[in-house]
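Results of the structural survey
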Amino acid sequence: MADLSCTIAGVKSPNPFWLASAPPTDKKYNVERAFKAGWGGVVWKTLGEDPPVVNVSSRYGAIEVNGFKIAGLNNVELITDRPLEVNLREIAEVKKAWPDRAVIVSLMVPCEEESWKKILKKVEPTGADGIELNFGCPHGMSERGMGSAVGQVPEYVEMVTRWCKANTRMPVFVKLTPNISDVRMPARAAKRGGADAVSLINTINSIVTIDLDQMAPTPTVGGKGTHGGYCGPAVKPIALNMVAEIARDPETHGLPISGIGGISTWRDAAEFISLGSGSVQVCTAAMHYGFKIVQDLNDGLSNWMDEKGYKKLSDFMGRAIPNVKNWNELDLNFKTIANINQDQCVNCGLCYVACEDTSHQSIKKIAGLTRRDPIRYEVIEEECVGCNLCALVCPVNCITMVDQKRDLPYLPWTKHPNNPMAAR
Amino acid sequence: MSHANLGLTPRDASPGVKGGRLGPTLYGKVFCDLTAPLDQKEAEVEASRCYYCYDAPCIRSCPSEIDIPSFIRKIGSGNVKGAAVDILDANILGGSCARVCPVETLCQEACVRDKADGKPVEIAKLQRYATDAYLETFEKTKEQHFTREKSNGKKVAVIGAGPAGLSAAHNLARMGFDVTIFEAKAKAGGLNEYGIAPYKVADNFAAREVAFILSIGGIKIEYGKALGKDLSLDGLRKDFDAVFLGVGLGANNALGVPGETLDGVQDATKKIEEIRQTKDLSKVAVGRDVLVVGGGNTAVDIAVQMKRLGAEFVTLVYRRGEEQMGATWHEREIAANNGVLLKTWAMPKEIRGEKAVREMEFEYTELSGSKLVGTGKTFTLKADQVFKAIGQKLVAPTGLELDGSKIKVDANFATSLPGVYAGGDCVKEGEDLTVTSAQHGKLAARAIFAKLFPGKALPYFVPSPNPQDDGRSLAVPAPGGKI
């Protein structure tokens, strides 16, 4: 059994699976259910100043893809709408009852040092393991000068982080917004401000669907809608890239990362960890299926680690970072070619039409003797550029991309003869 | 109550031939729909299983070339009307085909998901989902996609209002021809109305479909007019610019054994017609011990119906093995689920009785090389009804060249008489199926248009499953085997 225990920015938890700051961590009742199910930690739903915010009715919208109900989820919910004192009391009770679990408190108050000082002083006695600064919420709060309105300005990120570091014993996680052109800027700012870790990504600004009868965005509130925060499986690629950018940036390399964004399975989690995440945060998958999914997250990751010979998370944490390169460092002499396993092929023709209509016309079609005979599809190897599209569309995974042994030297664009700027 | 269980609950198992074997409340349910229709959610889930194959094997296996992946994708996107139009454009009898097609040997057998994970996409159920929705909307609003071109001044006679004739008539009317259908019976629909087991076309579906088809306009039907009796080919050729024969197979094959004329011995198709047309199922005479001779879908249809009407024992006797039966595995499963007994490798020898049938003797058979021979050993089964279901044959119209026992036609469905076309079960091409007949009617209509309006394009758009390939549809082997 691999050891899944995790320490990030000094915060310990029995496994790296935390519930992200969101409705599932809104109150003691949910959080205790989550801990009973086996979650390693929670980031409590964001606290703000009293009086509490008021949330709208009709809060979520989703992208359904071919019968999969929530490929992407969007919400227009704000931070907690419960009184601060109630949350603080429950946080203290939970932490006392579950000392081995990580309890991080997400915070969002106006961009003034006094406000932060005041709330930090109140959170401190709960015994919470750390705080997470919500610089990411893209709706509702940002119009009030909080959330992503702060996260989009690196100077503010640095400033608020510095205030918090100066006013608390607790490790400070800075949660980054993806609604920015280069995520390295706020990450660097957080580091300069003294952040112990960054958490990313927060939700992406989005209109998830338009209700064509009401002619309004969903979720629809009395015939109107607004942009919300997008999350769920569909955002994972965006999150992975942002995590990788921070992990391999010389200025932020080594800064602990709590990875967030569409994590639904242990495999997703392993990917985030391979890019340097010290813990991972999950929300949409739990909202879709309930807390029990953590069982598979835990033993799936553990079984895979056993299989690979990894004894603890640090054995593979960050292992993929050195292999994330800029495009101009890739080897132009590398060649891969599609190969169709005829025994497994079901003759659906999807590889053929994808290649014929939209790629390089590298698959030929061979008809049988009668109209009802299956058509065979074969790769024209001389024409194949190795784009992978056929293998990606194949519903039965019978196409493999075969690396060609070509015995040619490493040749990146920086050295390629076609590159006028190539270093000779 | 499930379809199958009902058939296993006879109420009166006494000997003889009589009606009312079931409790009176059961007759309303005895021929309920064999297959429950899909609801919207089920249809969308099933549609999502389709891979949207290119040059799809299912299309290549559909005699009427319905663009199956396309209509399924449209169901999945909520474009159910578009799906139905795709189906009906290729096959105006798409609704009945969704019910009666042996899809397990056609599109669903070819479905790549059968090969990929052992379960084909439920194409027939999806087709029914789309066409049912379309028909229901039509019945409510009287609005539909198919419209008739203005009359082109030419008249076509269609003989027979079965699937082939209806398909031809609809396509011809759409092109602007003035069509007259001559139908020997009192109703249109052909076998869908008279010859298919009622649980396959429940809720008066055949008549509703006919009403939809005729609603395009430009089609007149004269009932009670039979070719050779009330009409002659010569006369029709004089009065019309073209004639299409969709006369089906009017006669039944005989067993050719002693006792065939005894009371209680009957052609299966006659009995099915009686069951389909009766107003009171409790009046239909049902034996206690029923024998069915034959191995095709008609044999299964009559066996299951008699069982469901309360026969105590129904035995289907076929002269070869189960694999050689014309009835598909799905049909055989329906028979088995309804408690029909199957006896293979036995052929009729003699039917015995005084006035009415009492028992029937069979001889065991075996293969001698590829020839089927009797073994000399016999057995006798008790019977108060015997149904013959060993195939139908053409009542050949005079003046036409035949190809074997059927009407000879060329690739354009033209017969040996100029201006006379034929399609459906009465010609040799293709299997004797509703879907094949619909295709024949469609293609013959196009051939008639091409003949009477040479060089002119069809007045409406005909979609192609492979538009990227310049409409060159559906891979067929070219010289050298490549396409």
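Residues numbered from 1 in each chain as written. Chains lettered and ligands numbered in written order. Predicted model: local features only at pLDDT ≥ 70, side-chain atom pairs only at ≥ 80, totals over all residues. Heavy atoms only, no water.

Focus on the overall build of chain A
On a plain count of helices and strands, chain A comes out with 12 helices and 20 strands. Expected size for 424 residues packed as a compact globule is a radius of gyration near 22 Å; at 24 Å, chain A falls within 12% of this value. C-alpha atoms of chain A, sized along the principal axes, occupy 80 × 60 × 45 Å. Taking all 424 residues of chain A together, the buried fraction comes to 54%. Accessible surface for chain A amounts to roughly 19,200 Å². Of this, 53% is attributable to carbon and sulfur atoms. Charged side chains in chain A number 46 positive and 47 negative. The centres of these two groups are separated by 3 Å. (Helix = DSSP H or I, 4+ residues; strand = E, 2+ residues; numbered from the N terminus. Rg over C-alpha atoms; globule rule 2.2 N^0.38 Å. Buried < 20%, exposed > 50% of the residue type's maximum accessible area, 1.4 Å probe, protein only. Areas by Shrake-Rupley, 256 points an atom, 1.4 Å probe, with all protein chains shown as cover. Lys, Arg positive; Asp, Glu negative; His and termini not counted. Charge placed at Lys NZ, Arg CZ, Asp CG, Glu CD.)

Observations regarding the sheet that holds strand β13 (residues 357-368) of chain B
Residue and element names in this part refer to chain B. Read from one edge to the other, the open sheet built from three strands follows the order β12-β13-β14, with strand pairing classed as antiparallel. The open sheet is flanked by β12 (346-353) and β14 (371-382), the only strands paired with a single partner. When strand polarity is set aside, the average angle formed by the axes of neighbouring strands in this sheet is 20 degrees. (Pairing = 2+ DSSP bridges. Axes fitted to C-alpha atoms, helices over the stretch in contact; angles between N-to-C directions.)

Focus on the interface of chain A and chain B
Counting residues at the interface gives 26 residues for chain A, matched by 28 residues for chain B. Applying the counting rule to chain A against chain B returns four salt bridges. In this structure, K41(B) engages E64(A) in a salt bridge whose closest nitrogen and oxygen atoms are separated by 3.8 Å. Counting across the chain A and chain B interface gives 10 residue pairs in polar contact (both at pLDDT 80 or more). At the level of elements, α11 (350-358) and β18 (363-366) of chain A are the ones that each hand at least two residues to the side of chain A that touches chain B. Partitioned by chemical class, the residues of the side of chain A that touches chain B number 14 nonpolar, five polar and seven charged. (Contact = heavy atoms within 4.5 Å. Salt bridge = Lys/Arg side-chain N within 4 Å of Asp/Glu carboxyl O. Polar contact = N/O pair within 3.5 Å; in protein donor to acceptor, adjacent residues only side chain to side chain. Nonpolar A, V, L, I, M, F, W, Y, C, P; charged D, E, K, R; others polar.)

Here's the deal with unusual backbone geometry
I201(A) follows L200(A) through a cis peptide bond whose omega is 10 degrees. Within the secondary structure layout, I201(A) lies in the loop between β10 (197-200) and β11 (204-206). The omega torsion across T218(A) and P219(A) is -5 degrees, close enough to zero to call that bond cis. Examined against the element boundaries, P219(A) turns out to sit in the loop between β13 (216-218) and β14 (228-231). Phi is positive for Y52(B), close to 60 degrees, though the residue is something other than glycine.

Regarding the nonpolar core
W39(A), L47(A), V123(A), V174(A), L200(A) and L301(A) are the most contacted members of the largest nonpolar core, which has 89 residues in total. Sorting elements by how many residues they give to this core places helix α7 (residues 236-248) of chain A first, with seven residues. Apart from the residues within four sequence positions on either side, V123(A) is in contact with L47(A), L88(A), V105(A), L107(A), A128(A), I131(A) and M170(A). The next biggest cluster of nonpolar side chains, apart from the first, holds 83 residues, and it includes I66(B), C111(B), V179(B) and I221(B). (Core = buried A, V, L, I, M, F, W, Y, C linked by side-chain atoms within 4.5 Å.)

Structural notes on the packing of aromatic side chains
Tallying each qualifying case throughout the model produces 18 aromatic pairs over all chains. Ring geometry for F35(A) and W98(A): centres 5.5 Å apart, planes at 50 degrees, overall tilted. On the criterion of sequence distance, the pair formed by F35(A) in helix α1 (residues 28-37) and W98(A) in the loop between α2 (84-97) and β7 (102-107) is long-range, its members being 63 residues apart. Assigned by exposure class, F35(A) and W98(A) land together as buried. Both rings, one in F177(B) and one in F449(B), keep their centres 6.3 Å apart while their planes meet at 90 degrees; by these two values the pair is edge-to-face. Remark: F449(B) occurs in helix α17 (residues 434-452) and F177(B) occurs in the loop between α10 (163-175) and β3 (178-183); sequence separation between them is 272 residues. We note that F177(B), like F449(B), is buried. Residue placement shows K456(B) over the ring face of F453(B); its charged tip is 5.2 Å from the ring centre. (Phe/Tyr/Trp six-rings, centres within 6.5 Å; stacked < 30°, edge-to-face > 60°. Lys NZ or Arg CZ within 6 Å of the ring centre and 35° of its normal.)

Considerations on the sheet that holds strand β9 (residues 289-293) of chain B
Strand pairs in the sheet, formed through backbone hydrogen bonds, run parallel or antiparallel to each other. All names here are of chain B. Ordered in space as β7-β15-β9-β10-β11, the five strands form an open sheet in which the pairing is parallel. Each edge of the sheet is formed by a strand with only one pairing partner; in this case those strands are β7 (265-267) and β11 (341-343). Between one strand axis and the next, the sheet turns by 25 degrees as a mean value, whatever way the strands run. Where β7 lies against strand β15 (residues 385-388), three bridges are found, and the strand directions are parallel. By the bridge assignment, Q266 is partnered in β15 with F387. Here helix α14 (residues 268-277) sits on the sheet and contacts β7 and β15; the angle it forms with β7, its principal contact strand, is near 80 degrees.

Quick word on the pattern of salt bridges
Under the definition given, this model contains 60 salt bridges over all chains. When the shortest N-O distance is used, the salt bridge between K69(A) and E64(A) registers 3.2 Å. For K69(A), a relative accessible area of 46% puts it in the partly exposed group. Salt-bridge contacts for K187(B) lead to E193(B); the nearest nitrogen and oxygen are separated by 3.4 Å. Judged by its relative accessible area of 36%, K187(B) falls in the partly exposed class. The exposure class assigned to E193(B) is buried, which follows from its relative accessible area of 5%. One connected set of salt bridges, linked through shared partners, spans E350(B), R352(B), E354(B), R358(B), E359(B) and E361(B).

Notes on the pairing of strand β8 (residues 130-134) of chain A
Regular strands show a simple pattern: their side chains alternate between the two faces of the sheet. Residue and element names in this part refer to chain A. With five of five residues buried, β8 is to be regarded as a mostly interior element. Here β8 shows a buried face lined by G130, E132 and N134 and a second buried face lined by I131 and L133. As paired strands, β7 and β8 are joined by four bridges and run parallel to one another. Its bridge partner being in β8, I104 is matched across the sheet by G130. Note that the unit made of β7, helix α3 (residues 113-123) and β8 has a crossover that is right-handed. As judged from the four bridges shared by β8 and strand β9 (residues 172-175), these two strands associate in the parallel manner. Within the sheet, the bridge partner assigned to L133 lies in β9 and is V174. (Right-handed = clockwise from strand over helix to strand, strands pointing away.)

Concerning a nonpolar patch on the surface
A cluster of nonpolar side chains, namely I207(A), I210(A), L212(A) and M215(A), defines an oily patch on the protein surface of about 450 Å² accessible area. Within the secondary structure layout, I207(A) lies in the loop between β11 and β12 (209-211). (Patch = residues over 30% accessible without salt bridge, like charges linked within 9 Å, V, L, I, M, F, W, Y side chains within 5 Å.)

Observations concerning the pairing of β9(B)
All names here are of chain B. The element β9 is largely enclosed, with a buried count of five among its five residues. Both faces of β9 are covered, namely the face carrying D289, L291 and V293 and the face carrying V290 and V292. Sheet topology note: the β9/strand β10 (residues 313-317) ladder contains five bridges and is parallel. What sits directly across from V292, in β10, is L316. Note that the unit made of β9, helix α15 (residues 297-308) and β10 has a crossover that is right-handed. Across four bridges, the pairing between β9 and β15 is parallel. When the sheet's bridge partners are listed, V292 is paired in β15 with F387.

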